[in-house]
Amino acid sequence: MSGAPTTGQPTAPRPSPPPEERATEVADRGIGRRLGWWPAIAGIGAWLLLVVVARSWALAIVRDQGFEALRLGAAPLVGRGDFLLAPMSLLGLAAGVAAVALAPRLVRLPWRGLLVAVLLAAAVWPVAVNLSRGPEALTAPLTRAGDEYLPDVGEVDAAGGPRAFLQGFPERIDDYNVHVRSHPPGFLLLLWALDGLGLGGAGWAAALCILGGALAAPAVLVATRDVAGERWARAAAPFVAVSPAALWVATTADALYAGVGAVGVTALILASRRPGRAADPLAVAGGLLLGVCALFSYGLGLLWLVPLPVLVHRRRPRVLLVAVAAAAAVVGGFALAGFDYLAAFDATRREVAESVQRTRPYVFSLVSNAAALALAVGPAVVVGLVALRDRRLWRVVGGASAAVVLAAVVGLSKGEVERIWLPFTVWLLAAGAAAADRWGPLSLRWWLGAQVGVALVLQAVFRTGW
């Protein structure tokens, strides 16, 4: 008879999932039937509309007020139109095709093997895509005179060493390049230390940024598994590893910030599952890393919002308090060395107020920032956010969503968020799992193919500023 076992042997019962997961799966099946294809239509429509409106609005402003009003040559992105199809473009195409073809196998790897594979993919994909414009595309963004960190590494010794440099940083801020003026001096001091170890120069700095950005991918998956379960983590893996955001992973300092921040946030999430004082070591580690992030960028204080939904849901205020104390110790250590954080922040605010940020309209920036973020995460993630109904996965992506909304509303960044928001983008990428999960096995390749296609088109039609 149909469905009867033919061996005569009893079949082993399948283990039941936990009640919360079982209830979520039942709810998902019902929602999937009710929602149909409208999340895909709505998500892609919103993605296209944001990009078209932001682009058209930017062109209108430039036509009326001139380029200097925005300085977004590829609005809503920073860069300029520069169409290029070269033999090296085949590297990105080959890497993208391989990612799409192998994605179903990737998600079935043993868990540790999956993390290693995701780390490698997240490092190789940005390099392969950006090499279309030659090897210098990986290092040149870190060496631009007037803008970047590397040309100012010698300023530390010129000031009389790191302590004197920190003490005089707020007063001498006008003497430094744009990115040094716009951030705390943590990354510049890291480059100075590497130079002292014989690892100076653009090559080592690029490797540090790319590997740091790649490290964010397995960190996000570990957190996703802990919060939402292994099924969601596996489904998210291809989207976290391969996305259009790769254009800015190779090569910006913000990619390193994303990796350090992701490991710190993941440590806090893992700590929140441990009872009592057993959570303290991980909470301290997470707090120390987020403290380091505060010395990389003033805006990375918003990273504390990423683990907050999980900590609140699990009712673990102790983890948060221990982590905040550890982060304060890092910043306090710099204060003891002579760095006045608040004075430096105030000096940076004055510098930003005198930059192009003052001429970029606030309301336009809200739309432009959203469009730039949409391009960085890709259409599959936008669709995933529309389709996502699992509360557990929302706890993973919800904090990052709140962080970017808050950053946009308070005007911390008016433009350039395709790189500035990388530490939050890496968490939003996990929502791609909802797009792949909603419409069956084949949709994984379709949606990942869309991500790859957007990255390759962007790389071919414009030259990013980083």
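Bear in mind the structure is a predicted one, so any value in this text is a computation, not a measurement.

Definitions and cut-offs
Residues numbered from 1 in each chain as written. Predicted model: local features only at pLDDT ≥ 70, side-chain atom pairs only at ≥ 80, totals over all residues. Heavy atoms only, no water. Helix = DSSP H or I, 4+ residues; strand = E, 2+ residues; numbered from the N terminus. Rg over C-alpha atoms; globule rule 2.2 N^0.38 Å. Buried < 20%, exposed > 50% of the residue type's maximum accessible area, 1.4 Å probe, protein only. Contact = heavy atoms within 4.5 Å. Lys, Arg positive; Asp, Glu negative; His and termini not counted. Charge placed at Lys NZ, Arg CZ, Asp CG, Glu CD. Patch = residues over 30% accessible without salt bridge, like charges linked within 9 Å, V, L, I, M, F, W, Y side chains within 5 Å. Areas by Shrake-Rupley, 256 points an atom, 1.4 Å probe, with all protein chains shown as cover. Salt bridge = Lys/Arg side-chain N within 4 Å of Asp/Glu carboxyl O. Phe/Tyr/Trp six-rings, centres within 6.5 Å; stacked < 30°, edge-to-face > 60°. Lys NZ or Arg CZ within 6 Å of the ring centre and 35° of its normal.

Caption draft 1: Inspection of the overall build of the chain at higher detail. A count of helices and strands for the chain gives 23 helices and 2 strands. Taking 23 Å as the expected radius of gyration for a compact globule of 466 residues, we find that the chain reaches 23 Å, a close match to that expectation. With the C-alpha coordinates aligned to their principal axes, the bounding extent of the chain is approximately 85 × 55 × 40 Å. The buried share of the chain, reckoned over its 466 residues, is 53%. Residue pairs in contact within the chain that sit at least 24 positions apart in sequence constitute 83% of those at least 6 positions apart. Considering the chain, the positive charge centre built from 40 side chains and the negative charge centre built from 29 side chains are found 13 Å apart.

Caption draft 2: Focus on the environment of Asp-226. For Asp-226, the position within the fold is in helix α9 (residues 202-228). The buried category is assigned to Asp-226, whose relative accessible area is 14%. Distance from Asp-226 to Arg-273, taken between C-alpha atoms, is 8.4 Å for residues 47 residues apart in sequence. Discounting chain neighbours no more than four positions away, the residues touching Asp-226 are Ile-269, Leu-270, Arg-273 and Arg-314.

Caption draft 3: Focus on a nonpolar patch on the surface. A surface patch of nonpolar side chains, about 920 Å² in accessible area, is lined by Leu-49, Val-53, Trp-57, Tyr-362, Val-363, Leu-366, Val-405, Leu-406, Val-409, Val-410 and Leu-412. Elements represented by at least two residues in the nonpolar patch include exactly α2 (38-65), α17 (362-377) and α19 (391-410). Considering each element in turn, the nonpolar patch owes the most residues, 4 residues, to α19. Accessibility expressed as a relative area gives 35% for Tyr-362, which makes it partly exposed.

Caption draft 4: Examining the packing of aromatic side chains more closely. Using the criterion set out here, one finds 13 aromatic pairs in the structure. Judged by centre distance (6.3 Å) and plane angle (80 degrees), the ring pair of Phe-187 and Phe-296 falls under edge-to-face. One end of the pair, Phe-187, is in helix α8 (residues 186-196); the other, Phe-296, is in the loop between α13 (280-294) and α14 (308-313), and 109 residues separate them in sequence. Comparing Phe-187 with Phe-296, the two get one shared label, buried. Ring geometry for Phe-339 and Tyr-341: centres 5.9 Å apart, planes at 80 degrees, overall edge-to-face. Of the aromatic side chains, those joined through ring pairs into one cluster are Phe-165, Phe-169, Tyr-176, Tyr-298, Phe-334, Phe-339, Tyr-341 and Phe-345. Across from the ring centre of Trp-232, 4.8 Å away, lies the NZ or CZ of Arg-231, which sits over that ring.

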